[in-house]
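Structure at a glance
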Amino acid sequence: MSIRCLNAAFVALVRFPLAAGVLLAVLTTASMPVAADPWSNALEIRGGAVVMDIDSSFRVDSKSLGKGTTIDAEDDLGLDDDDSVFRGELAWRFARRHKISAGYMDLSRDARTVTEEEYQVGDVVFPAGVPVATDFDLSLVDFSYSYSLVQTDRFEIAPLVGVYWLDFDVEVRSDALGLREGDSEELPLPTFGARAVYQLSPSWRLMGNAQYFSISYDDYDGEIIELGAGVEWNVWSRLSLGAGYSRIDLDVENKKCNGGRGEFVYDGLWVYAGVAL
């Protein structure tokens, strides 16, 4: 992760005052006792700031013009290649070995720039040297079910099955020329993987997870890789602070004549507060 991205973590605390308030509250209560059983919490809620490096590209094809230009969203259209966004997670352990989890993250960005070369986006060709505006909207909602195959008083390994729901919408427009074109996709991507937790002490735990799926069916190709690792500090019986690394690598292509392709990679540092019920 770049030094610029790490420095942006301080900006994230300002942009998320609620998270900063929770941080202050839990630090003032750090001396209170913690729960002895690490698997006793039925409901866990986490929320905080993700500071990330982003690399994304897309292509919008046309029936009449053929394959569109593969456009680098950051280099060609001026979208930020680092950003800070909110990420939230909810986990429900409805039985000691059974857990359902859900998460949400909105990675939408917009920018204005002047084209350096000609770009074909769907049925529209944007010439070089014209001002363009871009709306790049991407949200990810993930659901998973996991079963703790291995569970001791300190260690847990749980295979999981899940689904990432992808909502993607991109539009490029030139108000000066009256040109506008884009594409949108909504699709689920199932995943398989595992998560692991190691309880270092009653107050500290290490966590990791990995998910993967690849499919090639009819006119569609898709692949998703998700990796995460972090550490969590239980500063009070119900409140925790955590930090972790997360990476998502997503590649989706519609090979129909009016289809397209989207590629997205982010590496992020997540700093969060959590509550267990």
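Residues numbered from 1 in each chain as written. Predicted model: local features only at pLDDT ≥ 70, side-chain atom pairs only at ≥ 80, totals over all residues. Heavy atoms only, no water.

Some details on the pattern of salt bridges
If you walk through the whole model with that rule in mind, you get 18 salt bridges. Between Arg-59 and Asp-61 there is a salt bridge, with its nearest N and O atoms 2.7 Å apart. By relative accessible area, which is 8% here, Arg-59 ends up buried. Its relative accessible area of 7% is what places Asp-61 among the buried residues. Taking the shortest distance from any N to any O, the salt bridge between Arg-261 and Glu-263 comes out at 3.9 Å. Here Glu-263 falls in the partly exposed class, since its relative accessible area comes to 32%. (Salt bridge = Lys/Arg side-chain N within 4 Å of Asp/Glu carboxyl O. Buried < 20%, exposed > 50% of the residue type's maximum accessible area, 1.4 Å probe, protein only.)

Here we look at empty space enclosed by the protein
Summed over all chains, the structure comprises two cavities of 30 Å³ or more. For the largest cavity, the calculated volume is near 610 Å³. For the largest cavity, the lining is made up of 35 residues, of which Arg-46, Arg-87, Glu-89, Arg-195 and Asn-209 are closest to its centre. Classifying every residue of the lining of the largest cavity by side-chain character gives 13 nonpolar, eleven polar and eleven charged. Here the second largest cavity is characterised by a volume of approximately 80 Å³. For the lining of the second largest cavity, the secondary-structure elements that each account for two or more residues are β3 (82–95), β4 (98–106) and β8 (131–147). (1 Å grid on protein atoms, 1.4 Å probe; cavity = no way out; pocket = protein on both sides within 12 Å on 5 of 7 lines; lining within 4 Å. Points joined across faces, edges and corners; volume = space filled by probe spheres on them. Nonpolar A, V, L, I, M, F, W, Y, C, P; charged D, E, K, R; others polar. Helix = DSSP H or I, 4+ residues; strand = E, 2+ residues; numbered from the N terminus.)

Quick notes on a nonpolar patch on the surface
Taken together, Tyr-147, Leu-149, Val-150, Phe-155, Ile-157, Tyr-198, Leu-200, Trp-204, Leu-206 and Val-231 make up a surface patch of nonpolar side chains, about 810 Å² in accessible area. Mapped by element, the contributors of at least two residues to the nonpolar patch are β10 (155–174) and β12 (204–217). Relative to the assigned elements, Tyr-198 resides in strand β11 (residues 179–199). (Patch = residues over 30% accessible without salt bridge, like charges linked within 9 Å, V, L, I, M, F, W, Y side chains within 5 Å. Areas by Shrake-Rupley, 256 points an atom, 1.4 Å probe, with all protein chains shown as cover.)

Considerations on the side chain of Arg-59
In this fold, Arg-59 is placed in strand β1 (residues 43–60). Within the local environment of Arg-59, its side chain forms a polar contact with the side chain of Glu-253, the two groups lying 3.2 Å apart. Apart from the residues lying within four places of it in its own chain, the contact partners of Arg-59 are Lys-67, Gly-68, Thr-69, Thr-70, Glu-253, Gly-259, Gly-260 and Arg-261. (Polar contact = N/O pair within 3.5 Å; in protein donor to acceptor, adjacent residues only side chain to side chain. Contact = heavy atoms within 4.5 Å.)

As for the nonpolar core
Core analysis: the largest hydrophobic core is formed by 38 residues, its most contacted members being Met-52, Phe-58, Met-105, Leu-107, Phe-136 and Leu-166. Secondary-structure elements contributing two or more residues to this core are β1, β6 (119–121), β7 (124–126), β8, β10, β11, β14 (239–254) and β15 (260–276). The contact partners of Phe-136, leaving out residues within four places of it in the chain, are Ser-56, Phe-58, Ala-73, Leu-79, Leu-107, Ser-108, Arg-109, Phe-168, Asp-169 and Val-170. (Core = buried A, V, L, I, M, F, W, Y, C linked by side-chain atoms within 4.5 Å.)

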